[in-house]
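# What the coordinates show
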Amino acid sequence: MRHITGGVDKLRVEGTTIRQVLEQLESRFPGFKERIVDEEGSLQPGVAIAIGNELTVLGVLTPVQESDEVHFIPAIGGG
Amino acid sequence: MTTTENRPQFKVVGTRPVRHDGLEKVTGKAKYGADVILPGMLYGKVLRSPHPHARIKAIDTSGALKVPGVMAVVTSKDLPIQSDKMVELGEAHANMKQVAENCLASDKVLYKGHAVAAVAATSPHIAEEALEAIKVDYEVLPFVLSVDDAMKPGAPLLHESMVTKAILGGKPDPAKQVGKSNVSSEMRWVGGNLEQAWRDSAVIVEREFYTKPVHQGYIEPHVTTVIWNPDGRITVWTSTQHTFGVRQQTAAILQVPEGMVKVVPMEIGGGFGGKINVYLEPAAAMLSKKTGHPVKMVMTRKEVFEASGPTSGSHNKIKIGATKDGKITGWQAWFAFEAGAYPGSPVAMGAMCSSAPYVIENFDISALDIVVNKPKVAAYRAPGSPIGAYAIESVLDEIAEKLGMDPMDFRLKNASKEGTRQITGAPLGKIGNTEVMTQVKNHPHYKSPLPPGKNIGRGVAMGYWFNIGMQSSAVINVNPDGTISLVTGSVDIGGTRAAVAMQAAEILGIRAEDVIPTVADTDSIGWTGVTGGSRTAFSTGIAAINAAEEVKRQLIARAALMWEVKPEDVEFKDGLCINKKSGKDTLSIKQIVAKMMMTGGYITASATSNPKMPGAAFGAMIVDVKVDPETGKVDVLRVTAFQDAGKAAHPSYVEGQIQGGGVQGIGWALNEEYYHTKDGVMANSSWLDYRMPTTLDLPMIDPVIVEVPNPGHPFGLRGVGEVGICAPMAAVRNAVYRATGTRMYQLPMNPGVIVSAMAAQKAAKK
């Protein structure tokens, strides 16, 4: 989402949950949050969150630790 | 053939017991959806649109109601008004308004075959006859059948209010999507410095590829029987991969509390992803509500083709560069997939999967989801991945040739490993990519000379699928005879009953035969995700393991009670409780349960799983073909298919999944397609004309199971159901090239396509 972040593709933010991380990102890059969550705070259809190489099951309520990498990725479905 | 080196060996997992449902299935005793017969049952049939795109001005059902034996007719007007509500179905969201409209069209029909009305009658023949008495006034509209046509300025719009949505990094070009569009969404991933990468490249290959929609081809058509009881409770007997998903969708569309809907899964005759969405249930439910009778609806094969989701057709543009020593420099890809009548193609997964086997640092990848006047696409075995792999693996093959490199050496040089970042930025976990590639390179098939003769070629390709986790539930009841009843919510479409039962047996030190697995309805088991996404043996297996561990804990507690010691003085090993204090006293499960009424009652345990590390899987295929240059006919001479299973719970069924995926991929490569006339009608909606390979068309596929244990599973399992379909199309295409000297850029590579391509190449050389 470089066109929203002005070319920045990774950065450190504060937060203990994904929701807090998103608030931080929104304050720095307006328009970022709506790509990830809807007005009710649920993940947008087609969007999932990974912490490192693990998909989260708690969505924006997922707790994050200091060294965690948060990745916003397309949701995956199988056949 | 399985390759395992110094892997942990288990007593049950990894063996080949007879599957628990095998005898019933081969003797015809297993109960499928068509076997449901209920007192007073009526039969439902669906009236479908003859037009690929039309506005519905009026529907007159009065004629149908006059046909003797007809009990009710429903249209979309009988369904509650739907909002654009997104419902979380576990693995994906679904727009319930769109799902409802796909079941019964409201103001527009969006494909030939789109359901318009449904009739319930005392016999299926009467219901069929009554359809002809329904009068529909259509305003026929222009239609689009390809992504290219759908994106042209001025193209007819399927959904007049739809505007292209930018998802994640998507940045739709405002010049192309001004206001309304058939492009429902765009995603984009950008990394590194692509311009510099091109400057660093010794070779750059840029190609375009086209694929057609293909159907999952399950043998059993969609079938459902629904009864809407007077107390408001609804029971659905159905052929589905996702009982809880059917419950959720049916309840949402009918706007009843989910707890009022009970879904009973029947045995399933194939799904491959195509039996996750509801098609018949809402109409059958409304017919039952109107008549007070159960209503059964069964699709014909023609309806299955024309009205249930195939996978996407596509147009893809790929540009990849490499240095002279074979290092990939730049990677640019534009994927445009058909979604069918409503948004939601697997284009993002196609983009992500096709890049996963490789380290790529400079990339610009776009993924567009585009609606066209065809049935709404549905998942098909590793959705999106085979289409992406076809394009990417074909270009990589060409680059390797230009560099004078062995195709597998080129892939190994660029292979992703644990920790490699995918295009999303997320790192790969522990994977078996290089192990699979190495197995390919060292396999006798790869190293053997081609069979003697002309126009024979060998091709190779890689494939990848994420696999998914999601929630599963399991209940174990220990029987007085020492066997266990294992209840799960996972419909068995590939031998998963056995695979899951074996995992519980392994924990408890009993035989697989001592586990009695049952697949339960939605009232009888906790929420369980889809049987799909290659998750069942993995996630439901973990749920069964968790339940078995709880049983083990209870057995230890009972034994401690019987020996009058503390539980920590009891060890459980190989199905026996051992008194550590005495060092010699043991109690078997049978002995413990013989006394269970005196030690606290029956032993039962329930557990769930929601694992986060499903363990991605890599696959590959080597294929030899002979091409008749006169007719373009391709004979497949030899196939070896490789797949990392982590740990094969039941090797026979893993081999079956590898072979099945291989057959489907080869059919997709050579024969299968939705062939549409200029009127937007599918012309080949029968088994005769939609040409799937049979056992007469292909040699035995030699499966090679590679085992790189998945740290996310106690026994190392990875999902196995899907990745086998990812590599075949590109492998066959690369083999056809080597047999003919002509590269193909469209699927299927049927005889006509091959002959035309060879002729065009010959003419171009003159």
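Everything numeric here is computed off the predicted structure, so don't read it as measured data.

Attention now goes to the overall build of chain A. Scanning chain A for helices and strands turns up 3 helices and 3 strands. Scaling as 2.2 N^0.38, a compact globule of 79 residues should have a C-alpha radius of gyration of about 12 Å, and chain A matches this with 12 Å. The principal-axis extent of the C-alpha atoms belonging to chain A is close to 35 × 25 × 25 Å. Within chain A, buried positions represent 32% of all 79 residues. Across chain A, the fraction of contacts at a sequence separation of at least 24, relative to all contacts at a separation of at least 6, is 44%.

Across its full length, chain B carries 21 helices and 30 strands. The C-alpha radius of gyration computed for chain B amounts to 27 Å, which stays within 12% of the reference 27 Å derived for 766 residues, consistent with globular compactness. The principal-axis extents of the C-alpha atoms in chain B amount to approximately 90 × 75 × 50 Å. Within chain B, the fraction of its 766 residues that count as buried is 58%. Contacts in chain B between residues at least 24 apart in sequence constitute 79% of all its contacts with a sequence separation of at least 6.

Next up on the list: the domain arrangement of chain B. All names here are of chain B. In terms of domain boundaries, chain B breaks down into domain 1 (8–30 + 469–609) and domain 2 (429–466 + 615–766). Here the C-alpha centroids of domain 1 and domain 2 sit 38 Å apart. The interface of domain 1 with domain 2 comprises 19 residues on the first partner and 19 residues on the second. Counting only elements with at least two residues in the side of domain 1 that touches domain 2, the list comes to α15 (496–508) and α16 (536–563). For the side of domain 1 that touches domain 2, the per-class residue count stands at 9 nonpolar, 7 polar and 3 charged.

With that settled, the discussion passes to the packing of helix α11 (residues 385–403) of chain B against helix α20 (residues 728–740) of chain B. Residue and element names in this part refer to chain B. It is the contact of α11 with α20, at a shortest axis distance of 7 Å, that shows an interaxial angle of 35 degrees. The hand of the α11/α20 crossing is right-handed. In this structure, α11 contributes Pro-386, Ala-389, Tyr-390, Glu-393, Ser-394 and Asp-397 to the contact, and α20 contributes Met-729, Ala-730, Arg-733 and Asn-734. The residue inventory of the contact of α11 with α20, partitioned by class, reads 5 nonpolar, 2 polar and 3 charged.

Now for the packing of helix α10 (residues 347–355) of chain B against α11 of chain B. Residue and element names in this part refer to chain B. One can describe the packing of α10 onto α11 by two numbers: an axis separation of 7 Å at closest approach and a directional angle of 50 degrees. As summarised for this structure, α10 and α11 are arranged oblique, according to the angle between their axes. Helix-helix and strand crossings are classified by hand; for α10 and α11 the assignment is right-handed. Residues Met-349, Gly-350, Ala-351, Cys-353 and Ser-354 of α10 form the contact with α11, whose own contacting residues are Ser-385, Ile-387, Gly-388, Ala-389, Ala-391 and Ile-392. Its residues assigned to classes, the contact of α10 with α11 comprises 7 nonpolar, 4 polar and no charged.

When you line up the elements, Val-190 of chain B lands in strand β11 (residues 183–191). In this structure the C-alpha to C-alpha distance between Val-190 of chain B and Ser-686 of chain B, which are 496 residues apart in sequence, comes to 43 Å.

Residues and elements named next belong to chain B. Core analysis: the largest hydrophobic core is formed by 259 residues, its most contacted members being Val-119, Ala-283, Ala-504 and Val-736. Here this core takes 12 residues from α16, the largest share from any one element. Split by domain, this core shows at least three residues from each of two domains, domain 1 (8–30 + 469–609) and domain 2 (429–466 + 615–766). Residues within four places of Ala-504 in sequence aside, it is in contact with Ile-476, Ile-484, Leu-486, Val-515, Ala-544, Ile-545, Ala-547 and Ala-548.

Looking now at the sheet that holds strand β18 (residues 328–340) of chain B. Residues and elements named next belong to chain B. With mixed pairing, 6 strands are arranged side by side in an open sheet as β10-β11-β19-β18-β17-β12. One side of each edge strand has no neighbouring strand; the edge strands of this open sheet are β10 (165–167) and β12 (203–211). Taking the axes of each pair of neighbouring strands and ignoring which way they run, one obtains an average angle of 15 degrees across the sheet. Judged from the 3 bridges that link them, β10 and β11 form a sheet pairing that is parallel. What sits directly across from Ala-166, in β11, is Glu-186. Docked against the sheet, α10 engages β11, β18 and β19 (362–371), running at close to 155 degrees with respect to β18. This element, α11, spans β12, β17 (314–322) and β18 of the sheet and lies at about 150 degrees to β12.

This part takes up helix α2 (residues 18–28) of chain A. Residue and element names in this part refer to chain A. Those residues of α2 not exposed but buried are Ile-18, Val-21, Leu-22 and Leu-25. What you see down the axis of α2 is that its buried residues fit within an arc of 100 degrees, all on one side. Lining the buried residues of α2 we find α3 (33–36), β1 (47–51) and β3 (70–74).

All names here are of chain B. Following Leu-747, the chain continues into Pro-748 via a peptide bond in cis, with omega recorded as -5 degrees. Positive phi, close to 55 degrees, is recorded for Asn-455, a residue that is not glycine. By the secondary structure assignment, Asn-455 is in the loop between α14 (444–447) and β20 (456–465). Even without a glycine there, the phi angle at Met-470 is positive, about 70 degrees. Relative to the elements of secondary structure, Met-470 occurs in the loop between β20 and β21 (472–478).

A separate point is the confidence of the model for chain A. Any region with low pLDDT has predicted coordinates that should not be read closely. Per-chain confidence: chain A averages 87 in pLDDT, with 100% of residues scoring 70 or above. Mean pLDDT across the secondary structure elements of chain A bottoms out at helix α1 (residues 2–5) of chain A, with 76, and peaks at α2 of chain A, with 93.

With that out of the way, let us pick up the interface of chain A and chain B. Facing the 24 residues of chain A at the interface are 38 residues of chain B. At the level of secondary structure, the elements contributing two or more residues to the side of chain A that touches chain B comprise α1, β1, β2 (54–55) and β3 of chain A. Take the side of chain A that touches chain B: its biggest share by element is 4 residues, from β3 of chain A. Broken down by class, the residue content of the side of chain A that touches chain B amounts to 11 nonpolar, 9 polar and 4 charged.

Time to look at the sheet that holds strand β3 (residues 54–60) of chain B. Residues and elements named next belong to chain B. The strand order across the open sheet formed by 3 strands is β7-β3-β9, and the pairing between neighbours is antiparallel. The open sheet has two edge strands with one neighbour each: β7 (108–109) and β9 (135–140). Pairing of β3 with β9 involves 6 bridges; the strand directions are antiparallel. Pairing of Ile-56 across the sheet is with Tyr-138, part of β9.

Each full turn of the α-helix corresponds to 3.6 residues, which orients residues three or four apart in the same direction. The terminal C-alpha atoms of α15 of chain B lie 19 Å apart, and with 13 residues this matches the ideal 18 Å at 1.5 Å per residue to within 8%. Most of α15 of chain B sits out of view: 13 of its 13 residues are buried.

Residue and element names in this part refer to chain B. Most of β21 is tucked away, with 6 of its 7 residues classed as buried. Pairing geometry for β21 and strand β27 (residues 604–609), over 6 bridges, is antiparallel. Of the residues in β27, the one forming a bridge with Val-475 is Ser-606. One ladder, built from 5 bridges, connects β21 with strand β22 (residues 484–488); its direction is antiparallel.

For the rest of this paragraph, the subject is the environment of Ala-322 of chain B. Residue and element names in this part refer to chain B. Of note, Ala-322 is situated in strand β17. Exposure remark for Ala-322: the 27 C-beta atoms within 10 Å place this residue in the buried category. Considering only alpha carbons, one finds Ala-322 and Pro-375, 53 residues apart in sequence, at a separation of 40 Å. Those residues in contact with Ala-322 that lie beyond four places of it in its chain are Ser-201, Ala-202, Val-203, Lys-327, Ile-328, Thr-329, Ile-399 and Leu-403.

Scored by pLDDT, chain B has a mean of 95; 97% of the residues are at 70 or more. Prediction confidence for the complex, expressed as pTM and ipTM, is 0.96 and 0.91 respectively.

What counts, and where the lines are drawn
Residues numbered from 1 in each chain as written. Chains lettered and ligands numbered in written order. Predicted model: local features only at pLDDT ≥ 70, side-chain atom pairs only at ≥ 80, totals over all residues. Helix = DSSP H or I, 4+ residues; strand = E, 2+ residues; numbered from the N terminus. Rg over C-alpha atoms; globule rule 2.2 N^0.38 Å. Buried ≥ 20, exposed ≤ 12 C-beta atoms within 10 Å, placed from the backbone. Contact = placed C-beta atoms within 7 Å. Domains from an automatic or database assignment. Nonpolar A, V, L, I, M, F, W, Y, C, P; charged D, E, K, R; others polar. Axes fitted to C-alpha atoms, helices over the stretch in contact; angles between N-to-C directions. Left-handed = near helix turned anticlockwise from the far one by under 90°. Parallel < 35°, antiparallel > 145°, perpendicular 65-115°, else oblique. Core = buried A, V, L, I, M, F, W, Y, C linked by C-beta atoms within 7 Å. Pairing = 2+ DSSP bridges. Arc of directions from axis to C-beta. pLDDT = per-residue confidence, 0-100. Expected span 1.5 Å × (residues − 1).

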